[in-house]
Amino acid sequence: MIDRPHLVGVALGQEPADRVLRGGRIVSVDTRETFAADVVIAAGRIAALAREGDYRIDDETEVIDLDGRHVCPGLIDPHMHIESSNLTLGELARAIVPRGVLALVADPHEIANVLGMAGIEFLLGQSAGLPVDVLLRVPGRVPALPAHLETSGHEVNWESTLALLDRPDAICIGGDVNPALLLEADADHLGKIEAAIERDMTIGGQLPGFIGPELDASVACGLEDTHVAESVAEVVEQLRRGLRVLLTPRIDRLPAAEWPELASTLRRQGIDTRHLVLCTDDVHPNRLRDEGHLDHRVRLAIESGFGPVEAVQMATQNSAELMRLGRDRGSITPGKRADLVVLDDLGSFDVSMVLHNGQVVVRDHRLDVDIDTPGSPDWVKGTVRLPDEVKAEDLVVQVEVDGPVTVNVVEFGGPKTMRQVDLVSVGGIVQLDSEQDVAGLAVLERHKGSGAVGRGFVAGLGITGGAVASTVNHDSHNVFVVGDDHQSMAVAVNALSASGGGYCAVVGTEVRALVPLPIAGLLSEEPLESLAEALDAVERVLVDDLGCSVTFHPLYALNFLCLPNIPEVGMTDQGIVATSTLKIVPTVVGPASG
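Residues numbered from 1 in each chain as written. Predicted model: local features only at pLDDT ≥ 70, side-chain atom pairs only at ≥ 80, totals over all residues. Heavy atoms only, no water.

### Focus on a negative patch on the surface
A cluster of acidic side chains, namely D18, D58, D59 and E60, defines a negative patch on the protein surface. Residue position: D18 is located in the loop between α1 (4-11) and β1 (19-28). (Patch = residues over 30% accessible without salt bridge, like charges linked within 9 Å, V, L, I, M, F, W, Y side chains within 5 Å. Areas by Shrake-Rupley, 256 points an atom, 1.4 Å probe, with all protein chains shown as cover. Salt bridge = Lys/Arg side-chain N within 4 Å of Asp/Glu carboxyl O. Lys, Arg positive; Asp, Glu negative; His and termini not counted. Charge placed at Lys NZ, Arg CZ, Asp CG, Glu CD. Helix = DSSP H or I, 4+ residues; strand = E, 2+ residues; numbered from the N terminus.)

### Points about the sheet that holds strand β29 (residues 583-585)
In spatial order, the strands read β27-β28-β29; together these 3 strands make up an open sheet with antiparallel pairing. Since the sheet does not close on itself, it has two edges, and those belong to β27 (569-572) and β29, each with one partner. Each strand axis lies, on average, 40° off the axis of its neighbour in the sheet, ignoring direction. Pairing between β27 and strand β28 (residues 575-578): 4 bridges, direction antiparallel. Counterpart to T572 in the pairing with β28 is G575. (Pairing = 2+ DSSP bridges. Axes fitted to C-alpha atoms, helices over the stretch in contact; angles between N-to-C directions.)

### Describing the nonpolar core
Formed by 127 residues in total, the largest nonpolar core has its most connected members in L247, V482 and L561. Sort the elements by how many residues they give to this core and helix α3 (residues 109-125) lands first, with 8 residues. Apart from residues no more than four positions distant in its own chain, L561 is found in contact with V410, F412, K416, L441, V458, L461 and V482. Residues A442, A467, A490 and C504 belong to the second largest nonpolar core, which totals 20 residues. (Core = buried A, V, L, I, M, F, W, Y, C linked by side-chain atoms within 4.5 Å. Buried < 20%, exposed > 50% of the residue type's maximum accessible area, 1.4 Å probe, protein only. Contact = heavy atoms within 4.5 Å.)

### So, the domain arrangement of the protein chain
Once the domains are mapped, the protein chain shows domain 1 (4-68), domain 2 (72-328 + 338-374) and domain 3 (380-591). Distance between the C-alpha centres of domain 1 and domain 2: 30 Å. Listed as interface residues are 17 residues of domain 1 and, on the opposing side, 23 residues of domain 2. Overall, the association of domain 1 and domain 2 removes approximately 1,600 Å² of surface from exposure, summing both partners, and the carbon and sulfur fraction of that is 59%. Linking domain 1 to domain 2 there are 3 salt bridges. Among the salt bridges present, the one from E62 reaches R363, with a minimum N-O distance of 2.8 Å. The interface formed by domain 1 and domain 2 contains 9 residue pairs in polar contact (both at pLDDT 80 or more). Listed by contribution, the elements that provide at least two residues to the side of domain 1 that touches domain 2 are β1, β2 (33-42), β3 (45-50) and β4 (62-65). Residue composition of the side of domain 1 that touches domain 2, grouped by class: 8 nonpolar, 3 polar and 6 charged. (Domains from an automatic or database assignment. Buried area = accessible area lost by both parts, 1.4 Å probe. Polar contact = N/O pair within 3.5 Å; in protein donor to acceptor, adjacent residues only side chain to side chain. Nonpolar A, V, L, I, M, F, W, Y, C, P; charged D, E, K, R; others polar.)

### Let's talk about the sheet that holds strand β13 (residues 276-278)
Reading across the sheet, the 3 strands line up as β11-β12-β13 and stay open at both edges, with parallel pairing between neighbours. Single-partner strands in this sheet number two, and they are β11 (225-226) and β13. Here strand β12 (residues 244-247) runs beside β13; their pairing, made up of 3 bridges, is parallel. For L246, the partnering residue across the bridge sits in β13 and is V277. Along the sheet, helix α8 (residues 232-240) makes contact with β11, β12 and β13, crossing β12 at roughly 145°.

### Observations concerning the packing of aromatic side chains
Taken as a whole and assessed by the stated rule, the structure comprises 2 aromatic pairs. Both rings, one in F122 and one in W379, keep their centres 6.2 Å apart while their planes meet at 75°; by these two values the pair is edge-to-face. Taken together, the residues span a long stretch of sequence, with F122 in helix α3 and W379 in the loop between β17 (366-367) and β18 (403-411) at a distance of 257 residues. When its relative accessible area of 43% is taken as the criterion, W379 is described as partly exposed. Positioned over the ring face of Y556 is R287, at 5.7 Å from the centre of the ring. (Phe/Tyr/Trp six-rings, centres within 6.5 Å; stacked < 30°, edge-to-face > 60°. Lys NZ or Arg CZ within 6 Å of the ring centre and 35° of its normal.)

### What about the pattern of salt bridges?
Pairing between side chains of opposite charge can happen when the charged atoms of each approach one another. Using the criterion set out here, one finds 36 salt bridges in the structure. Ionic pairing is found between D169 and R167, a salt bridge with its closest N-O pair at 2.8 Å. As a salt-bridge pair, E525 and K381 come within 3.9 Å of each other at their nearest N and O atoms. Within this pair, whereas E525 is found in the loop between β26 (510-516) and α15 (528-545), its partner K381 is found in the loop between β17 and β18, the two being separated by 144 residues in sequence. For E525, a relative accessible area of 36% puts it in the partly exposed group. Judged by its relative accessible area of 27%, K381 falls in the partly exposed class. Sharing partners across several salt bridges, the network here consists of R19, E62, R363 and D368.

### A short note on the packing of α8 against helix α9 (residues 259-268)
Where α8 contacts α9, the axes come no closer than 10 Å and their chain directions differ by 45°. Overall, the two elements α8 and α9 adopt an arrangement that is oblique. Judged by the twist between their axes, the crossing of α8 over α9 is right-handed. Contact with α8, carried on its side by V232, V235, V236 and L239, involves E261, L262, T265 and L266 of α9 and no other residues of that element. For the contact of α8 with α9, a count of residues per class yields 6 nonpolar, 1 polar and 1 charged. (Parallel < 35°, antiparallel > 145°, perpendicular 65-115°, else oblique. Left-handed = near helix turned anticlockwise from the far one by under 90°.)

What follows is the structure, encoded as structure tokens:
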């Protein structure tokens, strides 16, 4: 319980403060200005924004002189998948707290697809005692697709979803589901939305490319946010419908290069940015090391033409209000939690000090508290369960005829599309064709040992001379493998299986780079620096040795290659899935005409 009488006494100068940040400039997201004031802290909360002499200190009060540095609220990430960092929560906290991130709203549907409710409990249980608050964005649908379309490791059923919504750390129902469920008025998903509304929780969503009637219908379902806008025009339409639009730079939609256009368009049209919210969604360890976390998005927004205070607001108050956390977080206001970030420079968002619940946890740019990272239990490991060693012939597409055949090929891009290509069958095996940039693509079920394999083809990646495989494969996280030779593909899958999951790059039949992710095939207990270096090695092989045409963090792009929930197609262990119809599309069309 908050000791409000004590806060009143400190604010009036009748009782001494615990800590004072003296001589700083407040970044006010309430008024979009900065002003000079001392921040007076008591019992982990802000008691006053005062002038020196208006508050009381004693021998126990720590006074920190800021010498004109800026103080802003702690950053709040409203949408993150911890699993995409490949780090345990302790290691993630070591990386992001010095960057000013003090709250995460995490959707653990990745680990839930592998380990179910026990996986969610395991992941969230790691947050105890950390100098960052981890709140729950309850997964909207696990598994993402019915079993006849994709095999997942576990299900989070209706009763389990209600149990998650009733957790004290739950504040939102996640919307990482196929948007077709909304347009079809799916009773199960609408029921979850109503259950969250009854609990006064935020309703998340994802509406890629949605404008007009589809957008209206989705918002009518109760959605309050979306995080996959594909264009500036789409952002404008979604803001006009009252949605909070979550922004993060992506390779295939609203990349960083398009943010200046977004900033200028909103300014020119006089559109308020209080419904724009910065998030990370998915951040790989090497990008976390090189760019940062939510702090990188703040810098990017400033560089793109948003005002510095406006950019901070997009990562603090806007997040807090979306997630119904505004009473306690999101601004430097008397009575709110003293989650504070001291900046050497506001324009570059250069963090030098961080306070969590009024305690200094970062000094002089360095973490100033100990973070324990307990070992993981055995039951979260050993989750790659393939029935046998994989052979090249297990991955090929077979037909009953020789000669030219027409096949459906998944075309990488934003969005992913599908087109028909003529290939050649030899001995009943459809041959890969690097001259047409057609590589092999396979998804192998790895949760139940069923032996199910979706076999097909992919274009637009330019991969030749080997293969790449991973268990980080949204959303079911079955094994995917891409390569221009089925023997190389088999070697990659077997190496991955032996390591307990992760990433593997093969040149010819030689494993050139391997990143083990033994926890659910998604996470490692390694520290950020070594994990990032290992991921760098896989990406170097992928680009330099295999010629992948996606040169900027290609593994991030490949993680979503097979995802059926993002338009227009995906690949599962059951085959090609069309996003709009949720139906299997045959890989082989038939003998080529003419």
